[in-house]
Each structure stands twice: as structure tokens, then as C-alpha cells.
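# Topology and contacts: notes
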Amino acid sequence: MPKDPASPLSWPTFNGRVGKTLAESTPHWNTPNRAPAGAPNVIVILMDDMGYSDLGCFGGEIDTPNIDALAANGLRFTNYTTVPMCTPARAALLTGKNPHSVGCGWLSHNDPGFPGYKGEIAPDAPTIAEVMRQHHYATMAAGKWHNTYDRNNFPGADNSSWPVQRGFDQFYGFMAPETSYFQPDNMMEGNQLASALRYPDGYFAPDDYTGRAIDWITQQKSCAPETPFFLYLAFQTPHGPLQAKPADLARYRGRYDLGWDAMREQRFERQRANNLIEPTAGFAPRNPGVPAWADMNPDEQALFARYMEVYAALVDNADQNVGRLVQGLKETGQFDNTIIMITSDNGANSVAGPKGVMNLIGRRVGAVDNMDLNLQLLKDGQVGGEHTYICYPTGWTQVSNTPYRFFKRTPMAGGIRVPLVVHWPAGISDRGALRRQWTHVTDILPTLMDLTGAARPEHFKGYQTRGLDGVSFASALKDSNAPAKRERQYYELQGNRAYISGQWKIVSLQTPDKAIDLDNWMLFNLKQDPAELTDLASTHPEIVAKLIAEFDADAGTNYVYPIDTRNESRNTTFPPYEQSRLFIERDFFRTAHSIPGLLLTPMVGDRSYVMRASFDWHAGDEGVIFALGDRFCGLTLFVEQAALHFVYQWWHSPKTITPITLTSGAQVFEFSYHATGDRKGNADITLNGVQLFNKVDLSPSLLRIPSCGLSIGISRRTAVSERYEDKGSFEYSGKIDRLRIAPGELAPASLEEPSEEIYQDRLRNRVKS
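What you are looking at is a predicted structure, and each value in this text was computed from that prediction instead of being measured.

Calculation criteria
- Residues numbered from 1 in each chain as written.
- Predicted model: local features only at pLDDT ≥ 70, side-chain atom pairs only at ≥ 80, totals over all residues.
- Heavy atoms only, no water.
- Helix = DSSP H or I, 4+ residues; strand = E, 2+ residues; numbered from the N terminus.
- Rg over C-alpha atoms; globule rule 2.2 N^0.38 Å.
- Buried < 20%, exposed > 50% of the residue type's maximum accessible area, 1.4 Å probe, protein only.
- Areas by Shrake-Rupley, 256 points an atom, 1.4 Å probe, with all protein chains shown as cover.
- Lys, Arg positive; Asp, Glu negative; His and termini not counted.
- Charge placed at Lys NZ, Arg CZ, Asp CG, Glu CD.
- Axes fitted to C-alpha atoms, helices over the stretch in contact; angles between N-to-C directions.
- Parallel < 35°, antiparallel > 145°, perpendicular 65-115°, else oblique.
- Contact = heavy atoms within 4.5 Å.
- Nonpolar A, V, L, I, M, F, W, Y, C, P; charged D, E, K, R; others polar.
- Salt bridge = Lys/Arg side-chain N within 4 Å of Asp/Glu carboxyl O.
- 1 Å grid on protein atoms, 1.4 Å probe; cavity = no way out; pocket = protein on both sides within 12 Å on 5 of 7 lines; lining within 4 Å.
- Points joined across faces, edges and corners; volume = space filled by probe spheres on them.
- Expected span 1.5 Å × (residues − 1).
- Arc of directions from axis to C-beta.
- Phe/Tyr/Trp six-rings, centres within 6.5 Å; stacked < 30°, edge-to-face > 60°.
- Lys NZ or Arg CZ within 6 Å of the ring centre and 35° of its normal.

### Describing the overall build of the chain
Check the secondary structure of the chain and you find 17 helices and 30 strands. Its C-alpha atoms give the chain a radius of gyration of 28 Å, within 12% of the compact-globule value 27 Å for 769 residues. Each of the three principal axes of the chain carries a C-alpha extent, and together these read 90 × 80 × 60 Å. Within the chain, buried positions represent 61% of all 769 residues. Of the accessible surface of the chain, which amounts to about 29,500 Å², a share of 52% is contributed by carbon and sulfur atoms. Between the mean site of the 74 positive side-chain charges and the mean site of the 86 negative ones, the chain shows a separation of 3 Å.

Here it is in C-alpha cells:
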């Protein structure tokens, strides 16, 4: 008779005997698999948009004593390269594979329908966390994720690429590319949104998720001291918006008054004196578009120096948090056998241009910087506070990337050369030394596998895994003369391409949204000219041709093609399967969390729409009916002193309507926005079927809703309108039935084409014609 599969006798891995009584039975226990005794803990700390020279131990004047101490007792790798953008760099670090090969050739905001650009890590590429967890490590990620495709980034979507589903036992942080440091949007705890109406005074996001990481490490030591851990601490620092705690900011007042030209020279000289750069590295001229500091007027100098002070204060804060983490390791006896790696995802960014920007959200949707307002904010001490959204000028970008030229997004050295500090008392004896071997971001995973004994599975989640692209540099930790394992590497981001082979490097830079020039290659001899100052393409065409062929071969096998030079406009186009659900009427209700801006942008971005709020009002009821967006961009409806108030919010230029007196009972407020083209629009406003306002000019039209999204019946985190900021959450005291949003037609001649398929068809037709 066949064995009953439900019988205890068929229980897998049970090798005992089951009788009718305990006396007649023999028990069996399976000993759990555990990591090898003495396996080191691993912490990877990833900074965000930090340049090669920003840390004190790499030539900077920013106070980073805690990271400097790790460098003084560990190793500094001075020839480490990364990928020149956030999502691709993180994917490369986490998987040990080239970013295009795992679907992350661009940011997580677009899916153009090609394998190299899916916006999230391919399922057949195990992350460090998944590898380490199979090696019986505990795992946690804290801070910034930015490796999940946007349309999978809200409730009910495919969450297979969320941190917990990609190998992390715990996650505390945010999924987006950026957020406020003082009032971060949509922080996650595991797979759940964190419940936070508004963070208290003194709150600072990097302090928070560092604290969570320390708590987890401490609990881990108490509850499972035999289990090693892997912590991925991804600071958002110093990515924009540049915001800093007042005490940190105060320490840097006046430090950058000499300006970017003098500060860059000082960093360069410190780097030369401390052998942090190649002896043959020349002092680069200013990047294109960077003005001389002396040509700035005094007001500009004061403002731009303050921007850099905010940046420095942010880096300082990250260093303080590294110090807190180190102290936690020491107090729990885990410091000596913990591998700590500190690096940056890419070089410093140039998004703000030569004059910087006080409100980057405003610039993204077409606003022009107001210098008079900026100077008033400087005078009032608000620069770097919660209600500014700063990115610094490109003159400071070049200082951060000293001695290298260019910046994030480009594969020039300024975009890909970043610091790497490795500290491990139990495994590094050559303390304080430098390592010159060329290492790359994809080498992190294979190195950690070597150091921990972890193995990458041949099959994973039903897929056969592909080989690693990175190579281990573990031998260099013990031997300064260990041969470099790497000879060549391709780079591509937004059409900007590069290839390094031995001492030679080719680079092709593209202008976003311009016709692609596939043949505009430059050539640099990195041995003689590591700062990439002299283009040799015209004198060595045969070398250029050889490296182009090598680039093409690697590009083909890594899914780099097709090249796409679009800028962030591609972030608001969507695949065909999304089109039918982008523009449906949706009802929004009071919930414990806000609705993500990612869902709302297509519904209202440069198009007509209708918002209909249904609620009850009785004498004494007050509070927010709905709040869309934030102080920089949004709109809000609220009740105060028996009247209905509406604000169309644009930072320091809000537009309001005359308050509407309410009578007791059910209310239906309808806001009908008509997008008329050229980012202009007007609105009709009715209450209970009676039109109260007709064609009110509310230009410009909304374009992109900030990540804080939509809240019903409450003000979360940053108040949309300053008129109720002092009221905290200002929760509506009456009943709200719902807010209905009905998307209408796109504005005439709008550039916001939502269909990726249509956009590509138009592009092909233009090329053919």
C-alpha cells in the first residue's frame, strides 16, 4: 500500500520513528544551518551624490572625524569607480552585475520596453542581502532604496522588488529618489508605510534610520549573538534637497567665503601632499559654464557660499551618524569583526546649474529662481531649512569632485570616481594605507563573498543565475602589491558612454533630447592624464576604433542598447498596459496614510480635471478637507472659522479665492480645472451646485505632484499652506465622505505625452522624415 502523504511518516527530513505513544516513538530534531563560527558582520554605508574629495580623509575641509578614523585604521581605495547615477549604481552594488544587465540602465521612473531599462533589479540577480541570507546572515536595509519601478511603488502593486522581497529581513527608509530631511514622505517599515502624521521638532531623517539600524544591531547581539549580520545603510546624504540641522549649519558659517576657485585649489594641494591623487593628475580648468568666483557680485557670493555650507553640514551629519554606529558596535563588542565599507553611489551632481537653486521642485515644473526672494531667505536664516529645496551651484560640484572634471550623469571621472573606505580590525593589518588597484562598484559583492565565505546560488527563484560581472579585491586588503583584477569596464547613462581598457579611456557625451551623435568620442590616456584634460582622439584613431568595438561588444551582451538620451521627461511616460488605468476616476478616502504622488501625477499633470469633495459641515467643524502636494507645489481645501478656504500653492506665491461661508449640512465642493495650453489654466468652482467662481486664473498648471501625495481630512508632515502650519495635523472634525478626481484631456500641445509607445512612434517618424 502506498504511503499516505499526509502521514507523519512522510514528513520531510524526519528521521525518527512515530509510534502510538511517546514511549514507542523516537524523536528527531534537525539542527538549523548557521553561518560559520567567527563569520564577520558586514556594513555597507552608501552616501548619495558625494564627490571624491568631500571627506576629510580624501582631501576635504568638511569635518568628518569618524570616517577619517575608520580610514586611519583601515584602507582607502583611491582608484574606485562607480556608475554615474543613483538607481544603476545601487543595482550594480547590490548584485555585482552591470546595471543594464539587471534592468537598471536608467532610473526607476520609466519602462521603455527594453530589457536593460525595466527600472528594477531582474529576479535572476540575487542581491547581497539574498546571498548573505542564504549564508545564514541576518539582514537589514535602512535609508534610501530607489530600486523599485515607480508604478510598483504603492499599495496593491507588484512588490516583488521591495527591499523585504529582495533579501532584507528588515527595512526602514524611503523608496523614492529623494525626500525632505525634516519631514520625509512615505517612510516604510518593512512592507508597511510608517505611521507618522508629522515628525517632531528636531527630527532629522538620517538620524532616525541610523538609530533604527543601531537598535537592530543591538537587538541582534542580544537575541542571536551567534548570527552575523549584513547592514545596508544608504544615506540620502548629501542628495538634494540640501537641508541641514541648525547646529550643524552654524559650524560652517563663513567657511566657504573664499569661493569655489580657492577651495578647489586647497583641496587639490592637500590631495597631492597626501598622495590621494595620481602624481600625473593635472589641475583641471573650470567645467563648462562655471563662472569665476571673482566674477560673482557680493550678494551671489554670500548666497552661494551658504549653499555650500548647507552641503558641508549634511556631510558632517552623516559622519556623526557613522560615529554613533561605530560606538554602538563597540558597546556591543562587535566592532573588531565587522567589515565596514563606505562609498558613494556616484559623483557630485550638477542639477542646479551655475547659480544653484533655492527651490528645485519649482524649477522642475518651470518656475524661475527669484533672487530677491532668495536673498530675503538668506537674511532670515531660512536657507537650508524645511521650506527650502536647495541644490548647490556647479562651481561647488567641481570642488566636491576635485581633481576630476564633470559630474554625476557623465562617465567622466567626476561622475564615477568616488571614495571607498574599508575598515576591518580583524582582517586588515596595513592600517591607514592607500590602495591604488582599480576597483569598481560591481566588485563589492564578490569581495564580500570572499571575505565571508558566502556563495552565490546557481539557481534562484526558479531562474538560472548569470555570472557576476564584478571581481573580488579581497587580496588587496592584505597585500598592497596584489595585482589589480580589473582591466576594462563599460559605462553608459542617458547616452553618455565610456569604455576603459588598460590605460586608455574613450568618452562620448550627449546633450539630452538632442539628436544622438554616436561618433563624438574623446580619448584619454589615464596613465599620463588621469584628470582627463587632454583629448587624444585625433592623434590615435586606431585606439579609439579598438575601444569602440570593445564597448559595442559589452553593450550588446549587457542590454545597453537602445541608447536613450531623454531627460526626466521620460519619467512621466508609461507602458501600454498602464494606459487604461492611469486616467480612470478614482475615489479617495480618509486613511492612515497619504496617497503617493506617483499615482496622482498622471491624473492632473498639465491636463484638465475635476476634483469633487463630499463632506458634512456643522457649526464648530474645522480642519483640512484635502491636501495635495506640499508647500512647494500643490493645492488644498480647508475649513476655518465657518468658511471654506482654497489655496493653489506655489511656494511663496500661493493663489487663493475669497473664503466661502458655509451653512450647516452636506457639502459638495467641485473644482473644475481647464488646462488651456502653454502651462496655463483656469478653474470653475461650485459649492452644492452653485457656481461661485468662473475661470479663475490658476496658472501654471500642475505638472508633477511631490512624493508626499494626497491626504484626506488631515495635514501630514509639511503643510501645503502656511495658513494652517501652526495647527499641526489640523484634522477635520466633521465627516468626509470622499474626494473624487476625474482626469480630463491633456492640455493642447502639451509636452506631457503619457504614452511611452506613442512617444517612441513619434520619435521614429521624426527620424524617418
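Okay, back to it.
### Notes on the packing of helix 1 (residues 65–72) against helix 7 (residues 298–331)
The packing of two helices is summarised by the inter-axis angle and the distance between the axes. At their nearest, the axes of helix 1 and helix 7 sit 7 Å apart, and the two run at 60° to each other. Accordingly, the angle class assigned to the pair helix 1 and helix 7 is oblique. Listed contacts from helix 7 to Pro65, Asn66, Ile67 and Leu70 of helix 1 are Asp319, Gln320, Val322, Gly323 and Val326. Looking at the contact of helix 1 with helix 7 residue by residue, the class counts come to five nonpolar, three polar and one charged.

### Focus on the pattern of salt bridges
Across all of its chains, the model carries 49 salt bridges by this definition. Across the pair Lys245 and Asp207 runs a salt bridge whose closest N-O atoms are separated by 2.7 Å. Pair noted here: Lys245 is in the loop between strand 8 (229–234) and helix 5 (246–250) and Asp207 is in helix 4 (residues 205–223), with a separation of 38 residues, a long-range link. Between Arg762 and Glu753 there is a salt bridge; the shortest N-O distance is 3.4 Å. On the basis of relative accessible area, Glu753 is assigned to the buried category, the value being 14%.

### Points about empty space enclosed by the protein
Taken as a whole and assessed by the stated rule, the structure comprises seven cavities of 30 Å³ or more. The space that makes up the largest cavity amounts to roughly 90 Å³. Thr572, Phe574, Phe583, Thr601, Pro602, Gly605, Arg607, Leu703, Leu746, Glu752, Glu753 and Pro754 are the residues that line the largest cavity. Residues of the lining of the largest cavity, tallied by class, amount to six nonpolar, three polar and three charged.

### Remarks on helix 14 (residues 541–557)
In this model, helix 14 (17 residues) spans 25 Å end to end at C-alpha, consistent with the 24 Å of a helix rising 1.5 Å per residue. Taken together, the buried positions of helix 14 are occupied by Ile543, Val544, Leu547, Glu550, Phe551 and Ala555. Mapping the buried residues of helix 14 onto a view down its axis gives an arc of 135°, with all of them on the same face. On its buried face, helix 14 is in contact with strand 15 (488–493), strand 16 (496–501), strand 17 (504–508) and strand 18 (522–525). Positioned one or two residues after helix 14, Tyr559 has a phi angle of 65°, which is positive.

### Here we look at the packing of aromatic side chains
Evaluation of the coordinates by the stated rule reveals 35 aromatic pairs. Consider the rings of Tyr648 and Tyr673, whose centres lie 6.2 Å apart with planes at 15°: the pair is stacked. Here the residue Tyr648 occupies a position in strand 23 (residues 643–649), and Tyr673 occupies one in strand 26 (residues 665–677), the gap between them amounting to 25 residues. Residue class for Tyr648 comes out buried when judged on its relative accessible area of 0%. For Tyr673, a relative accessible area of 1% translates into the label buried. Ring pairs connect the aromatic residues Tyr609, Phe646, Tyr648, Trp650, Phe669, Phe671 and Tyr673, which therefore count as one cluster. Over the aromatic face of Tyr172 sits the side chain of Arg212, whose NZ or CZ is 3.8 Å from the ring centroid. Taking the ring centre of Trp106 as reference, the NZ or CZ of Arg570 above it sits at 3.9 Å.

### What to know about unusual backbone geometry
In this structure, Pro238 follows Thr237 across a cis peptide bond, with omega equal to -5°. Relative to the helices and strands, Pro238 is located in the loop between strand 8 and helix 5. For the bond from Thr402 to Pro403, the omega torsion is 10°, close enough to zero to count as cis. Mapped onto the elements, Pro403 comes out in the loop between helix 10 (394–400) and helix 11 (413–416). Notably, Asp49 is not glycine yet its phi reads approximately 70°, a positive angle. In this fold, Asp49 is placed in the loop between strand 1 (41–47) and helix 1. Located in the positive-phi region is Asn186, a residue other than glycine, with phi close to 50°.

Everything listed here is a matter of geometry and, on its own, says nothing about what the molecule does.
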